[in-house]
Amino acid sequence: MLRRIACGLSLLFVSTGTASALPAYGPFQVSGNVQSQTLLRHPDIDTFKFIQNRNTLRLRLDYRMIDKGKLAGYLDLPWLAAGNLYVLYRGVYDSAYDIAPGGNLYDILRQPTGSLDDLSADTGRGRKYENDLREAYVDLEFRDVPLILRLGKQQIVWGETDSFRMLDRANPLDLTWHQVYESWDDLRLPLWMVKGLWHFGQVGPLSDAFVEAYWNPGDWRPAKQGFMPDNPWGIPASNPLAAFPNGLYKGRLFIQGDYHRTPGDNSQVGVRFSAVAPGGVQFTLNYFYQRWAGDDGTNYAPTRAILDPTEATDALLRGQAPLEFIAPYVHTAGFSLNYSEEEYTQAVFRLETVYDFGVPFTDTAKPSPILPGLLWGVTKRDMWKGMIAFDRPTWIRSLNRTSTFFITGQFFWHYLLDREPTFIGNVDPSIPSRDNIRHWEAICTLLVSTIYAGGSIVPTVQYGLDPVNSFNMYAGWTLDYFLTNRIIIRVGQNYFLAAAGAPAFESWSIGGLNRGRSESLVRLTYQF
Amino acid sequence: MQVGTMTRLGPAQSACGGWRVWSTPLRLISACFLLAAAASVSAVEPGEVITAANAERIADQVSPGVMWCIQHGMNLTVAPYKKIELPKAYVTATEQYSGQVHLSKDGTNLEGYVAGEPFPTIDPSDPAAAIKIMWNYYYRPYYSDDYLWRNFLADTGPLAETGLTIERRYLIQQNARLFFNGRLYVDPKPELPNPQKLRFKELTGPVLEPLDLKGVGQLGYRYLDPGEADDTWLYLPTLRRVRRVSSAQRSDSVFGQDIDADSYAGYSGSIAWGTWRFLGEKTMLGVFHARHSPVQWCPGAGDFAFCDDWEPRKVYVVEGASSLPQYAYSKRVLYIDQETMWVLYMDAYDRAGNLWKTLINQWRSVDRPSSNPSVTVYPDEQLFNPSFIMVDIQLQHATRSWTPTEHSPTGEEEFFNVGSEKTGIRESHFAIGYLTGSSR
């Protein structure tokens, strides 16, 4: 049905020549796109496998409903200066689940996990469609106080990082979407929240000072994960609970733990202060109190064994894994800054760092009383994480004489305090010495992009290196070509390079976890 | 008026209509040549249409870049000169404060400046003539308190026989500036509370079209201290956050267009970020009383450019070379109208010294933006900018930008010094917090 709607809409726009009938500016704006993305996986040079044909419709509405204190031009709201409504709908149909190409997909150990053809009709139906009101919120700007409120289903993004995240944690990620080829605003799970920003302006020697805070009154869920073969780009393993027809003893894996989605049981809050210091350094101080989403690359424990023997045995008899899904509350303090150094380097430098209190790790010192070699309890530890980066527009006139190359490099680190030797990761602990929990994890990224032909050709290359885990690497490129202002063709490839030729469970899932997942992409977009 | 001295408060047509003052023998030789060429000025009569076929008739009255555009399809109609009276508040401030203004010792800044024109009298033999003209340009009239250009379109693409082939079209909600010093109309004046020592803040965006850039917005700060670089923040919808960006590469193309940050209006950088050379004064053709708003593009191959009435204007010709690192251009030549101090056109040269790009402005000196009864009527004429074009002569590629468009309900898309009540854009909007809190 969605495909028919998408085709119908695209025919409508094509048949009218342009979308000029839609208001592009003024108080009421409608815009959107229809997009078809096809992925081919090529684990080696001889093998190509069709794994995705995602057709997406996005519809966006912007409505300036309050202007100069008047609602819809009539009703006086003298305490408000402006108000805007924003709605974004996303509908998806992935034909790969109907075409159902055969051929096995493989897990990280190169073991077959089945194919899309093996999925039941129910499972396929659940995977191929999405019908989602992504965002729906109202912005209210007050007249006499420097306050802006955003109320509704939204994304909140703090911090300075690209590609990976630390302070960007108000919204968990939907990792059943492709991690490499999707933009972050498609990966985040928008949540119903209240956000307020109070602009102070000058505070002593600080300029542009503001405080921003949000409250999520219960609409929170952990990162959404998928397994093989349902999600060919999800976790590179079969569902570990397949042997337990009734799931977990408590909670649902990667969906919800032992809590209710109510303000009393599931509220999340965050607050930050931002200002520009004399000399031009912009900094933020951040604090969060929220459940652990598990999507920042940390090799944390999403589950813990039931340590009470009676409870564990009862669960097993009911066909449940004697485990509970956990998403504990974690305090996080963070700091970020940026500085534009124009004299010597002409570069912007970025820094971000957080301290997490009490992240759960699987601890083999706490074995399950009934499955002691397979399941364990957890121990909480603090973590220090950070990133330092630069952005530099750089002229390389021999390659492009009209636009600079935007070059950005980042170095990330994670440090686990008081690591115990009994900590292990989560991916098949039966493989010795492969799923280590280390004191230090690190990764470097580099991205270069430029613009040709008046903005109609945009090539990008990117590279990632994990110096801790066998120097595994990622390399990729994309090329966007704007055939017209409305029709965009994107082609691209990514290559995951596992230097050691063996599985490696690195934190950020580049060459190790994703080995054998090199892919090529073709994406067509019609935007209006 | 003394010999060899030009006075802007009492503008008069040059006796010879061509170059007036040169300070070196070499320039005198050039001046003689150009004076001879200038004799052809009288041969062009108001009402005459200039096309590629007869472009040579005005070869000495337009820049090389404009000449290239005419030869590639741009047409113009010669119109009689019309005097432009500057806003009274600006003239009064000039009379009140200019006597106390002088250049700093290194020439890179002004001392004693309050408002109005810093140097109403320019002596061409003054070694500092060029920098004084540029400071006059920096504090030119009309842009004194605040400014808003909204709902503007920008097309970019290659030139072809059939006209501009549009590769990308951008629709941007607004470009707004708030000036902190030199204010003449809106309280507090002449200066806003200014702990950051700012010249202005600028808010551009959000982009309304195309969808892949919808929501992009930019905030920029320009400081009074010319030794301080601009600060720039960009909201990127795909990131959903505000990002600090380097403002060092001011000659970099904007969204891949032919225009760059420094070339808006002719030159948009700080005066201290380059060296300036006074080439003399001349009478050139330029558009200051545009007949068409919305703009009327030339027919056929010339539709990358506006077709309008071009009148003889007395200009300062100033050459500038940027001192910023890795700058794209070796120099730019500005043709600055002596009455208004706004640029008719600007030619930019590549690092090998060859003509690369040209920017041409369409100005319209009127007291109201249209005849619609609901629009703002100003007590003085303002200089509206229905369009400008930037042409990459070497790549034969152009960007044209304009407002109002044919969709504008009243034709009013520009506002001068009217304050926040009229525009709805408040001082608190020029802030990182606003960009962060309101962008989507």
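Residues numbered from 1 in each chain as written. Chains lettered and ligands numbered in written order. Predicted model: local features only at pLDDT ≥ 70, side-chain atom pairs only at ≥ 80, totals over all residues. Heavy atoms only, no water.

1. Quick look at the overall build of chain B
- Helix and strand counts for chain B stand at six helices and 21 strands.
- Projecting the C-alpha coordinates of chain B onto the three principal axes gives extents of approximately 60 × 55 × 50 Å.
- With 440 residues in all, chain B has 65% of them scored as buried.
- Taking the contacts inside chain B whose residues are at least 6 apart along the sequence as the reference set, 63% of them involve residues at least 24 apart.
- Side-chain charges of chain B comprise 41 positive and 49 negative groups, with the mean position of each set lying 4 Å from the other. (Helix = DSSP H or I, 4+ residues; strand = E, 2+ residues; numbered from the N terminus. Buried < 20%, exposed > 50% of the residue type's maximum accessible area, 1.4 Å probe, protein only. Contact = heavy atoms within 4.5 Å. Lys, Arg positive; Asp, Glu negative; His and termini not counted. Charge placed at Lys NZ, Arg CZ, Asp CG, Glu CD.)

2. Focus on the pattern of salt bridges
- If you walk through the whole model with that rule in mind, you get 60 salt bridges over all chains.
- A salt bridge links Lys 153 of chain A to Asp 132 of chain A; the shortest N-O distance between them is 3.6 Å. Separated by 21 residues along the polypeptide, Lys 153 of chain A in strand 7 (residues 147–154) and Asp 132 of chain A in strand 6 (residues 129–142) bring together distant segments of the chain.
- Accessibility expressed as a relative area gives 13% for Lys 153 of chain A, which makes it buried.
- A single network of salt bridges, built from pairs that share partners, joins Asp 162, Arg 350 and Asp 391 of chain A together with Arg 241 and Arg 243 of chain B. (Salt bridge = Lys/Arg side-chain N within 4 Å of Asp/Glu carboxyl O.)

3. So, the pairing of strand 7 (residues 146–158) of chain B
Residue and element names in this part refer to chain B.
- Counting buried positions along strand 7 gives eleven out of 13 residues, so the element sits mostly inside the fold.
- Pairing geometry for strand 7 and strand 21 (residues 414–416), over three bridges, is antiparallel. Across the sheet, the residue bridging to Leu 148 is Phe 415, located in strand 21.
- Examined bridge by bridge, strand 7 and strand 20 (residues 397–402) share six bridges and lie antiparallel to one another. (Pairing = 2+ DSSP bridges.)

4. Topic: the packing of aromatic side chains
- What the rule picks out here adds up to 49 aromatic pairs over all chains.
- Ring centres of Trp 135 of chain B and Tyr 138 of chain B lie 5.3 Å apart, and the angle between their planes is 90°; on these two criteria the pair is classed as edge-to-face. Of this pair, Trp 135 of chain B and Tyr 138 of chain B both sit in helix 4 (residues 129–138), separated by three residues, roughly a single helical turn. Residue Trp 135 of chain B shares its accessibility class with Tyr 138 of chain B, and that shared class is buried.
- Of the aromatic side chains, those joined through ring pairs into one cluster are Tyr 143, Tyr 147, Phe 179, Phe 200, Trp 342, Trp 363, Tyr 378, Phe 384 and Phe 416 of chain B.
- A cation over a ring is seen here: Arg 54 of chain A above Trp 177 of chain A, with NZ or CZ 3.8 Å from the ring centre.
- Note that Arg 397 of chain A overlies the ring of Trp 395 of chain A, its terminal NZ or CZ placed 4.5 Å from the centroid. (Phe/Tyr/Trp six-rings, centres within 6.5 Å; stacked < 30°, edge-to-face > 60°. Lys NZ or Arg CZ within 6 Å of the ring centre and 35° of its normal.)

5. Some details on helix 3 (residues 88–97) of chain B
Residue and element names in this part refer to chain B.
- Buried within helix 3 we find Tyr 90, Ala 93, Thr 94 and Tyr 97. Burial along helix 3 is one-sided: seen end-on, the buried residues are contained in an arc of 105°. The outward face of helix 3, more than 90 degrees from its buried face, is lined by the exposed residues Lys 88, Glu 95 and Gln 96.
- As for helix 3, its buried residues are in contact with helix 4. (Arc of directions from axis to C-beta.)

6. Overview of the sheet that holds strand 15 (residues 303–305) of chain A
All names here are of chain A.
- Taken in spatial order, the three strands make up an open sheet running 12-16-15, and their pairing is mixed. Looking at strand neighbours, the two that pair on one side only are strand 12 (248–250) and strand 15, the edges of this open sheet. For this sheet the average axis-to-axis angle between neighbouring strands, irrespective of direction, equals 45°.
- Pairing geometry for strand 15 and strand 16 (residues 321–325), over three bridges, is antiparallel. The residue bridging Ala 305 from the neighbouring strand is Leu 323, located in strand 16.
- On the sheet, helix 6 (residues 309–317) packs against strand 12 and strand 16 and is oriented at approximately 105° with respect to strand 16. (Axes fitted to C-alpha atoms, helices over the stretch in contact; angles between N-to-C directions.)

7. A short note on the confidence of the model for chain A
- Summary statistics for chain A give a mean pLDDT of 90 and a share of 94% for residues scoring 70 or more.
- Contacts of residues 1–21 of chain A to residues separated by more than four positions or lying in other chains number 19 contacts, the stretch itself having pLDDT below 50. (pLDDT = per-residue confidence, 0-100.)

8. Overview of the domain arrangement of chain B
Residues and elements named next belong to chain B.
- For chain B, the assigned domains read domain 1 (90–127) and domain 2 (146–437).
- In this structure, domain 1 and domain 2 have C-alpha centres spaced 24 Å apart.
- On the domain 2 side, the residues contacting the ten residues of domain 1 number eleven residues.
- Taking both sides of the interface into account, the surface hidden between domain 1 and domain 2 amounts to around 750 Å²; carbon and sulfur atoms contribute 67%.
- Where domain 1 packs against domain 2, one counts one residue pair in polar contact (both at pLDDT 80 or more). (Domains from an automatic or database assignment. Buried area = accessible area lost by both parts, 1.4 Å probe. Polar contact = N/O pair within 3.5 Å; in protein donor to acceptor, adjacent residues only side chain to side chain.)

9. Overview of the interface of chain B and chain A
- Taken together, the contact between chain B and chain A spans 67 residues of the former and 73 residues of the latter.
- Of the roughly 5500 Å² buried at the junction of chain B and chain A (both faces included), carbon and sulfur atoms supply 47%.
- Remark: the boundary between chain B and chain A carries nine salt bridges.
- A salt bridge links Arg 440 of chain B to Asp 62 of chain A, with the shortest nitrogen-to-oxygen separation between them at 2.9 Å.
- Across the contact surface, chain B and chain A share 36 residue pairs in polar contact (both at pLDDT 80 or more).
- Sorting the residues of the side of chain B that touches chain A by element identifies strand 7, strand 8 (168–179), strand 10 (207–209), strand 13 (241–245), helix 5 (420–423) and helix 6 (432–438) of chain B as the ones contributing at least two each.
- Residue classes in the side of chain B that touches chain A are distributed as 22 nonpolar, 26 polar and 19 charged. (Nonpolar A, V, L, I, M, F, W, Y, C, P; charged D, E, K, R; others polar.)

10. Side note on the state of the cysteines
Residue and element names in this part refer to chain B.
- This structure, assessed with the given rule, holds one disulfide over all chains.
- The disulfide partner of Cys 298 is Cys 307, and the S-S distance across this bridge is 2.0 Å. Given an S-S torsion of about 115°, the disulfide between Cys 298 and Cys 307 has right-handed geometry.
- On the accessibility criterion, Cys 298 (2% relative accessible area) is buried.
- Accessibility expressed as a relative area gives 10% for Cys 307, which makes it buried.
- Cysteine Cys 69 shares no disulfide, and the gap to the nearest cysteine sulfur, in Cys 298, comes to 9.7 Å. (Disulfide = S-S within 2.5 Å.)

11. Points about a nonpolar patch on the surface
All names here are of chain A.
- Together, Leu 151, Val 194, Trp 215, Val 269, Val 271, Tyr 287 and Tyr 289 give the surface a local cluster of nonpolar side chains, amounting to about 510 Å² of exposed area.
- For the nonpolar patch, the secondary structure elements donating two or more residues are strand 13 (267–276) and strand 14 (282–291).
- As for its position among the elements, Val 269 is in strand 13. (Patch = residues over 30% accessible without salt bridge, like charges linked within 9 Å, V, L, I, M, F, W, Y side chains within 5 Å. Areas by Shrake-Rupley, 256 points an atom, 1.4 Å probe, with all protein chains shown as cover.)

12. Brief notes about helix 6 of chain A
- For helix 6 of chain A, the N-terminal capping position is held by Asp 308 of chain A, with its side-chain oxygen 3.0 Å away from the main-chain nitrogen of Thr 310 of chain A.
- Where helix 6 of chain A terminates, the next one or two residues include Gly 319 of chain A, which has phi positive at roughly 80°.

13. Side note on the side chain of Ser 336 of chain A
Residues and elements named next belong to chain A.
- Structurally, Ser 336 can be placed in strand 17 (residues 329–341).
- Side-chain polar atoms of Ser 336 contact the side chain of Thr 284, separated by 2.5 Å.
- With sequence-adjacent residues up to four places away left out, Ser 336 is seen in contact with Glu 160, Leu 167, Gln 282, Phe 283, Thr 284, Asn 286, Leu 351 and Glu 352.

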